[in-house]
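Fold and geometry: a report
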Amino acid sequence: MKNVLVVGGGGREHAIIMKLAESKQVGKLYCTPGNGGISKYAECFDVAATDIDGVVELAKKLAPDMVVVAPDDPLVMGMADALQAEGFKVFGPKKDAAIIEGSKVFSKNLMKKYGIPTAGYEVFTDAEKAVEYLKSENSYPAVIKADGLALGKGVIIAENEDDAIKAVHEMIDDKKFGESSARIVIEEYLTGPEVSVLSFTDGKTIVPMISSMDHKRAFDGDKGLNTGGMGTVSPNPYYTENVAAECMEKIFIPTMNAMNSEGRTFEGCLYFGLMITPKGPKVIEYNCRFGDPETQVVLPMLDGDLYEIFQAVCDHTLSEMKISWKTGSCACVVMASGGYPEKYEKGLEISGVDGNGQIDGCQVFHAGTKLAGGKFVTNGGRVLGVTATGLSLNGALEKAYAGVAKISWKDVHYRKDIGKRALDALNSDPLDLHYKDDMEDYIEENGVYLRQ
Ligand code: AMP
Ligand code: GLY
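Residues numbered from 1 in each chain as written. Chains lettered and ligands numbered in written order. Predicted model: local features only at pLDDT ≥ 70, side-chain atom pairs only at ≥ 80, totals over all residues. Heavy atoms only, no water.

Attention shifts here to the site of ligand 1. Taken together, 15 residues lie near ligand 1, and E187, E188, L190, E194 and E285 sit nearest. In the model, a nitrogen atom of ligand 1 is placed 2.8 Å from a nitrogen or oxygen of the E188 main chain. Protein chains shield 90% of the accessible area of ligand 1, which is 480 Å² for the free molecule. Within the residue set of the shell around ligand 1, elements represented by two or more residues are β7 (142–146), β8 (155–158) and β17 (280–287). The residue makeup of the shell around ligand 1, split by class, is eight nonpolar, no polar and seven charged. (Near = heavy atom within 4 Å. Polar contact = N/O pair within 3.5 Å; in protein donor to acceptor, adjacent residues only side chain to side chain. Areas by Shrake-Rupley, 256 points an atom, 1.4 Å probe, with all protein chains shown as cover. Helix = DSSP H or I, 4+ residues; strand = E, 2+ residues; numbered from the N terminus. Nonpolar A, V, L, I, M, F, W, Y, C, P; charged D, E, K, R; others polar.)

Structure, rendered in structure tokens:
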């Protein structure tokens, strides 16, 4: 039996652990730092996910057969390199490949160099030059992005010149995101539905996983601040076979090849944040890891052994794997602390879950919980991801929301409209959603594409 150490402690890591636990090959599961819910399925340790030396020491003590590094920060900091240098088998890209998420300037330049479709852009380190550029372009909304990691908060969509100039000064002069915003990217504003596609790649083969749709804003109707993600559904109805084929040819394979050409072979899970624009799919962002909460709906749909896939990526034998997906749909509703993504309370007792932090009919992925006196209490902004599968998206959503209704704590907050846009799209054109160049106005108005 193989023992696996998973680095991280959120809903994504819980979903990875539950899928690894299904593998006939996997024996012991370890997680650091993990959380309350994860501790019921994996032995947890008190080493932070960003503590490279600490994780290497822990790995030496546990001697796992594989280490899965799940979050962005340790990957960008080089945790996979440090573990590999000690002889561990690691699922997760090395530092020189993780830069595809760690630097927007790197990823934008990569796409430009290799002709991968993305929004037009300019890079600035000087606030005055950035303001001059904004004034000369005079095109709003303007999209302003910090170069480096910023906990998912480094993107400002400025509706007018005043807001855009403010964002530029905050990022470059006031160092709002520290060194991450010393360089910024100003890019063209794109429209269209968003699709998340995670993929497995060993640098020779790339296998897209089933598609998903995130819901980034805090409140119903896509109102409120951007969050880490308030819920997900899979598959995403906007990701039709035609779109998938185009993405494979123009985005996925070219990105894998581009990283190889740069001497930065990417091995692990490469995440494509896509926008299906009237001119075709374009890359909004790359992530060097599984998405959160996308993973919570994607992995339950995997019809196979996740450990074997991870192993094939590590061994560069992914081309020999047959990876299948279940039919039907999966939905995840994130239950968050009141106030998230701003100030919120911690330590509130969660009622309605059983001794393992679960409920009947759903899988409950713990994102921010801990155990206190044998009870689960809140310990983060996003607390739980209540997830269900069904033959239809509607069925999956009904089950997930029925699960949500059983769980509560003081000031709990969740969106009531997860999956609504996907359902509307399915109802307007169930089988063959497709885009056309001349449909921009229709899409602007309706946000969906009709079959011609
Ligand atoms: P990112 O962190 O790069 O994924 O950006 C966060 C969110 O900002 C995305 O999910 C999009 O909704 C939005 N966004 C980013 N770039 C653009 C763009 N060029 N045009 C329109 N919206 C964008
Ligand atoms: N849900 C978006 C992300 O993981 O970055």
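If you look at the biggest cluster of nonpolar residues, it comprises 76 residues, and the most contacted ones within it are L83, I100, F252, L274 and I407. Broken down by element, the residue count for this core peaks at seven residues, all from helix α9 (residues 241–261). Excluding residues that lie within four positions of it along the chain, L274 makes contacts with P193, E194, V195, V197, Y239, C247, I251, F252, K282, V283 and I284. (Core = buried A, V, L, I, M, F, W, Y, C linked by side-chain atoms within 4.5 Å. Buried < 20%, exposed > 50% of the residue type's maximum accessible area, 1.4 Å probe, protein only. Contact = heavy atoms within 4.5 Å.)

Glancing now at the site of ligand 2. Around ligand 2, the neighbouring residues are D214, G228, Y271, N287, R289, G291, D292, P293 and E294. R289 has a polar side-chain atom sitting 3.0 Å from an oxygen atom of ligand 2. Interatomic distance of 2.8 Å between a side-chain N/O atom of E294 and a nitrogen atom of ligand 2. Of the residues contributing to the shell around ligand 2, the split by class is two nonpolar, three polar and four charged.

Right, let's talk about empty space enclosed by the protein for a bit. Remark: the empty space left among the atoms is shown by a probe the size of a water molecule rolled over them. By the definition in use, this model includes four cavities of 30 Å³ or more. In this structure, the largest cavity encloses a volume near 60 Å³. Lining the largest cavity are I100, E101, S103, K104, S107, K108, M111, I284, E285 and Y286. Those elements that provide at least two residues to the lining of the largest cavity are α5 (95–102), α6 (104–114) and β17. Per element, the largest residue contribution to the lining of the largest cavity is four residues, and it comes from α6. (1 Å grid on protein atoms, 1.4 Å probe; cavity = no way out; pocket = protein on both sides within 12 Å on 5 of 7 lines; lining within 4 Å. Points joined across faces, edges and corners; volume = space filled by probe spheres on them.)

With that settled, consider the side chain of K145. As for its position among the elements, K145 is in strand β7. A polar contact of 3.3 Å, which involves the side chain of K145, links it to the backbone oxygen of I284.

Of all nine residues in strand β22 (residues 382–390), eight are buried, a share of seventy percent or more. In this structure, strand β18 (residues 329–336) lies alongside β22, joined through eight bridges in antiparallel fashion. Within the sheet, the bridge partner assigned to V334 lies in β22 and is G385. (Pairing = 2+ DSSP bridges.)

Taken over all residues, the pLDDT of the protein chain has a mean of 93, while the share at 70 or more is 95%. Note on residues 430–439: pLDDT is under 50 here. Beyond four places in sequence and across chains, it has 27 contacts. Confidence drops under a pLDDT of 50 for residues 446–452, and excluding neighbours within four residues, the segment shows 30 contacts in the predicted structure. (pLDDT = per-residue confidence, 0-100.)

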